[in-house]
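Residues per chain, in single letters:
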Amino acid sequence: MVKFVKVIPIATKVGTVTIKYPYAKPLVTDSFRGAIEVNPSKCTGCGACTRICPPKALSMSIEGETAILRYFIGRCIFCGMCADVCPEKAIKITKEFELASEQVFDLYVDVEHEVVTCKRCGSKFVTSRLLNKVEQKLEEFPKELLYLCPRCRRIEMLSKQTYLR
Amino acid sequence: MESLSTSSEFENLYSYLKRFSDRLVEEEDNLRIVVESEKLREVAEVLSKTEGVFLRTIAASDERSVNGFYKMYYVFGIDKIHRNIVIEVPVDSSDPVVPSITDIVKAADWYEKEAHDLMGIKFSGRTLYKFVLPDDWPDNVYPLRKDYTVQDLVKLYRPEIVTKAKEVEAEAAIIIPIGPYHPALHEPEYFELYVRGEKVVDARYVGFMVHRGIEKLAESMKYDQVPFLAERICGICGFVHSCSYCQAVEKALKIPIPERAEYIRSIVLEIERIHSHLLWLGVAFHLLGYDTGFMHIWRIREQVMILAELLTGSRKTYGLNIIGGVRRDIDRDKAKKCLQVLDNIEKEFKNFVDAAINVPQIKSRLRRTGLLPKSEATSLSLVGPTVRGSGIPRDIRKDYPYAAYKYIDFKPVVRSECDNMARTEVRIYEIFQSIELVKNFLDRIPEGDIAVDSWEPEPYKFGIGAVEAPRGEVIHIVITGRYSPYRWRARAPTYQNLPAIPIMLRDIELADAPITIASIDPCFSCTDRALIIDISSNNVKSVPLNILSLKSSKLFR
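Procedures and definitions
- Residues numbered from 1 in each chain as written.
- Chains lettered and ligands numbered in written order.
- Predicted model: local features only at pLDDT ≥ 70, side-chain atom pairs only at ≥ 80, totals over all residues.
- Helix = DSSP H or I, 4+ residues; strand = E, 2+ residues; numbered from the N terminus.
- Rg over C-alpha atoms; globule rule 2.2 N^0.38 Å.
- Buried ≥ 20, exposed ≤ 12 C-beta atoms within 10 Å, placed from the backbone.
- Contact = placed C-beta atoms within 7 Å.
- Pairing = 2+ DSSP bridges.
- Nonpolar A, V, L, I, M, F, W, Y, C, P; charged D, E, K, R; others polar.
- Axes fitted to C-alpha atoms, helices over the stretch in contact; angles between N-to-C directions.
- Domains from an automatic or database assignment.
- Core = buried A, V, L, I, M, F, W, Y, C linked by C-beta atoms within 7 Å.
- Parallel < 35°, antiparallel > 145°, perpendicular 65-115°, else oblique.
- Left-handed = near helix turned anticlockwise from the far one by under 90°.
- pLDDT = per-residue confidence, 0-100.

Visitor: How would you summarise the overall build of chain A if you had to cite specific residues and measurements?
Guide: Broken down by element type, chain A carries six helices and six strands. Secondary structure elements of chain A, listed N to C terminal, follow the sequence α-β-α-β-β-α-β-β-β-α-α-α. The C-alpha radius of gyration of chain A comes to 26 Å, more than 25% above the 15 Å expected for a compact globule of 165 residues. Along the longest, intermediate and shortest principal axes, the C-alpha atoms of chain A span 100 × 35 × 25 Å. Expressed as a percentage of its 165 residues, the buried residues of chain A come to 21%. Looking at chain A alone, contacts between residues at least 24 apart form 68% of all its contacts between residues at least 6 apart.

What follows is the structure, given as structure tokens:
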């Protein structure tokens, strides 16, 4: 038999391989990384995820009285680095991949946090949940320093030291 | 690893170089020598005349803030003894001129043009023109210099399209490449073929339509973010880039990575090779008008894609590499599943390719077309299946062993016919070889950690990371900085292989041009349209490449 005719029995045996998507599921394996999900009750708003995120899909901003951790799916590359670095394990990698939408707003997910203002200069510098957490961890930390922003805290510390000398 | 006799072959070269300059550093696998620019040509001459020495890459770096000058790094590799010779040439910061070595080392051509465009280094003794940057790029703005941040560059560059948009009072402007730059299958590219009748006389390539400036971008990103950027250099073989980058940083900072991580990297690299070669084979069949072959090869390939997703979490852009190791382990279940899938692929592929490659049209279109003589392949320092199809056993896995390839023995697949068929056969047999390698790796993989706990960056260290990608050697140079890479130079295999296309196209039938261009497996992949310039009648016409390709197949019907 001419060798190339072998294609015919191969094709007959294989038949149709196209999956009847979206009726036949699942399309993805157990390891698949899709969009992420931030658990608002676990998130402290520390911003670790925004610092590692390669495409800057996660960002932190302060709007009025609230700090917002914003996840923009449109930029996400589904690498899952955020979930790796999250100290609270608040980020879960889902298998969600059907993410297209007619409204761009649908691609934004916000987690809102209450912010703490600096007792001296009045700048908003940290989420209250993160501050509480730090407070619990550091038992002997002077209370008056805790509510100062990093800059004012530095000034306070330095002026104290000068005084001591 | 090497016997004494092979290294003594290069003893003369080494003692010559050592006499040449007293400023030299011997590292684990590099010999780094500082050479003044007046003496560069002399050194290049000696290196180019020594058999077995290939140019691997060239990088220009702006080190004015560190030591007051620019620096050129010329990386020559001696495959046989697995070592590099890095020639470092300091370049005056007020008058950055270096003698050109393109007439001595042919492969240096593109690198010099690129260094001129992006770093503003001038090369005496040759003509230079805009190569990478667009025509409307402002003069005397050299983006890779440290004077500019990415934000500066975005502000500085006002493409002509913006002014035009204002003229016609448009709100926004979008460039849609239709016509000669048609990204039908993958990426844009552009060839001019000069013909006499149906015979190709010469060819010219115009590229860099989508230069993304990622080397610059990486300088503002953190070390652990760059692998994900590197992975996006190529949509087909991205893992090799993140691997090379990580290896370069690990070499520079001497980070010892766990053996298990090395094995996992190698396994995934081979799986990527299998999918990439299958993809190419499918596209090649399609170009030759054998769409049945295209469909079946891609059907077989789909299993590899699903397997990759199972092992890494994604079909492509695996996101597996970080500096110091990998992010996901391959457990027993996955290993078992992997073996099953590979067995199935091996059986199916063997069965099918045996039939497909014997189709008379395929055979006759591939045999004796796109000839690439061994001598030309050597002088251009070509890489990958392109060079192995011309009888030269260059394979980075063997020549500069990395990851788990140093623990395993195998022979590079070589064919000596120098034609399109030879390059096709190299890829076909490499698929079988890769399956064999993955099985071997899975068999030998040791227990242990998959990444180091932590590591510290140290500025101004130099590291080279190279990986044998499906298309050939990928080589990255990293000069470390405090928080981000200070300079990162990525060189993909197509960069090295493209200059071979005009040689392969010379004197062939016009209809064989598409498969010949595709035979180096160019990373930008299949062109859709080519411009044909008929020298005798001065007619210019545009023809979609696939139609051009079909012309010849019809002769058989």
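Visitor: I'd like a description of the overall build of chain B, backed by residues and values.
Guide: Broken down by element type, chain B carries 22 helices and 16 strands. For chain B, with 557 residues in total, the buried portion stands at 46%. Here the analysis covers contacts within chain B between residues at least 6 apart in sequence; of these, 69% occur between residues at least 24 apart.

Visitor: Which residues make up the pairing of strand β12 (residues 462-469) of chain B, and what values do they have?
Guide: Residue and element names in this part refer to chain B. Within β12, eight of the eight residues are buried, leaving the element largely enclosed by the surrounding structure. With burial as the criterion, each face of β12 is covered, one bearing Phe-462, Ile-464, Ala-466 and Glu-468 and the other bearing Gly-463, Gly-465, Val-467 and Ala-469. Where β12 and strand β13 (residues 472-480) come together, eight bridges link them in antiparallel fashion. Residue pairing for β13: Phe-462 is matched across the bridge by Ile-479.

Visitor: Lay out the interface of chain B and chain A in plain terms, naming residues and giving numbers.
Guide: Between chain B and chain A, the contact holds 20 residues from the first and 18 residues from the second. Counting residues per element, the ones that place at least two in the side of chain B that touches chain A are α9 (226-230), α12 (291-312) and α13 (332-356) of chain B. Looking at the side of chain B that touches chain A element by element, the count peaks at six residues for α12 of chain B. Tallied by class, residues from the side of chain B that touches chain A come to seven nonpolar, eight polar and five charged.

Visitor: Please set out the sheet that holds strand β3 (residues 53-63) of chain B residue by residue, giving values where relevant.
Guide: Residue and element names in this part refer to chain B. Strand order across the open sheet formed by five strands is β1-β2-β5-β4-β3, with mixed pairing between neighbours. Every interior strand has two partners, whereas the edge strands, β1 (24-26) and β3, have only one. Neighbour-to-neighbour, the strand axes of this sheet turn through a mean angle of 15°, independent of strand direction. One ladder, built from five bridges, connects strand β2 (residues 30-34) with strand β5 (residues 83-91); its direction is parallel. Its bridge partner being in β5, Val-34 is matched across the sheet by Glu-88.

Visitor: Residue-level account of the domain arrangement of chain B, with values.
Guide: Residue and element names in this part refer to chain B. Along its sequence, chain B is organised into domain 1 (4-132) and domain 2 (218-368 + 426-490). At the junction of the two partners, domain 1 supplies nine residues and domain 2 supplies seven residues. Those elements giving two or more residues to the side of domain 1 that touches domain 2 turn out to be β3 and β4 (69-78). The greatest single-element share of the side of domain 1 that touches domain 2, amounting to four residues, is contributed by β3.

Visitor: Pulling in residues and values, what's your account of the nonpolar core?
Guide: Residue and element names in this part refer to chain B. Of all hydrophobic cores here, the largest spans 169 residues; its most connected members are Ile-58, Met-72, Ile-121, Val-268, Ala-284, Val-467 and Ala-500. When residues of this core are assigned to their parent elements, the largest contribution, 16 residues, is made by helix α11 (residues 259-287). Both of domain 1 (4-132) and domain 2 (218-368 + 426-490) provide at least three residues apiece to this core. What Ile-58 contacts, discounting residues up to four positions off in sequence, is Met-72, Tyr-73, Tyr-74, Val-75, Ala-108, Tyr-111 and Ala-115.

Visitor: Report on the packing of α13 of chain B against helix α18 (residues 420-444) of chain B, specifying residues and quantitative values.
Guide: All names here are of chain B. Where α13 contacts α18, the two axes come as close as 10 Å, and the packing angle between them is 160°. In this view, α13 runs roughly antiparallel relative to α18, as classed from their interaxial angle. In this structure, α13 meets α18 at a crossing whose hand is left-handed. Only Ile-428, Ile-431, Phe-432, Ile-435, Val-438, Lys-439 and Leu-442 of α18 make contact with α13, whose side of the interface consists of Ala-335, Cys-338, Leu-339, Leu-342, Ile-345, Glu-346, Phe-349 and Val-353. Broken down by class, the residue content of the contact of α13 with α18 amounts to 13 nonpolar, no polar and two charged.

Visitor: I'd like a description of unusual backbone geometry, backed by residues and values.
Guide: A cis geometry characterises the amide bond from Tyr-21 of chain A onward to Pro-22 of chain A, with omega recorded as 5°. One non-glycine residue, Asn-140 of chain B, adopts positive backbone phi at about 60°. Locating Asn-140 of chain B in the fold gives a position in the loop between β7 (122-124) and α6 (150-156). Residue classification places Asn-140 of chain B among the exposed positions, given that 5 C-beta atoms sit within 10 Å. The phi dihedral of Arg-368 of chain B is positive, around 60°, even though this residue is not glycine.

Visitor: With reference to specific residues and values, describe the environment of Ser-381 of chain B.
Guide: Residues and elements named next belong to chain B. Residue position: Ser-381 is located in the loop between α15 (374-379) and α16 (384-388). For Ser-381 and Phe-208, which are 173 residues apart along the polypeptide, the C-alpha to C-alpha distance reads 21 Å. Ignoring sequence-local partners within four residues, the contact set of Ser-381 consists of Phe-54, Leu-55, Ala-107 and Gln-496.

Visitor: How would you sum up the sheet that holds β12 of chain B? Please name residues and give values.
Guide: Residues and elements named next belong to chain B. The antiparallel open sheet is built from three strands, whose spatial order is β12-β13-β14. For this open sheet the edge positions go to β12 and β14 (485-491), each flanked by a neighbour on one side alone. The sheet shows a mean angle of 15° between the axes of neighbouring strands, taken without regard to direction. With six bridges joining them, β13 and β14 adopt antiparallel strand pairing. What sits directly across from Thr-480, in β14, is Pro-485.

Visitor: Could you give an account of the packing of α12 of chain B against α13 of chain B, with specific residues and numbers?
Guide: All names here are of chain B. Contact pair α12 / α13: the axes reach a minimum separation of 10 Å and the direction vectors enclose 170°. The orientation of α12 relative to α13 falls into the category roughly antiparallel. Across the interface between the two elements, Gly-293, His-296, Ile-300, Gln-303, Val-304, Leu-307, Leu-310 and Leu-311 of α12 pack against Lys-334, Lys-337, Cys-338, Val-341, Asn-344, Ile-345, Glu-348, Phe-349, Phe-352 and Ala-356 of α13. Among the residues forming the contact of α12 with α13, the class breakdown is 11 nonpolar, four polar and three charged.

Visitor: Quick one: what's the story with the confidence of the model for chain B, residue by residue and with numbers?
Guide: Residues and elements named next belong to chain B. On average, chain B scores 87 in pLDDT, and the residues at 70 or more come to 89%. In the model, residues 1-5 has pLDDT below 50 throughout and makes five contacts with residues more than four positions away in sequence or in other chains. Every residue in residues 525-533 scores below 50 in pLDDT, and together they form 40 contacts with partners more than four places removed in sequence or on other chains. Across the interface, the model reports ipTM at 0.90; the global pTM reads 0.90.

Visitor: Report on the pairing of β13 of chain B, specifying residues and quantitative values.
Guide: Of all nine residues in β13 of chain B, nine are buried, a share of seventy percent or more. Linking β13 of chain B to β14 of chain B, which pair antiparallel, is a turn of four residues.

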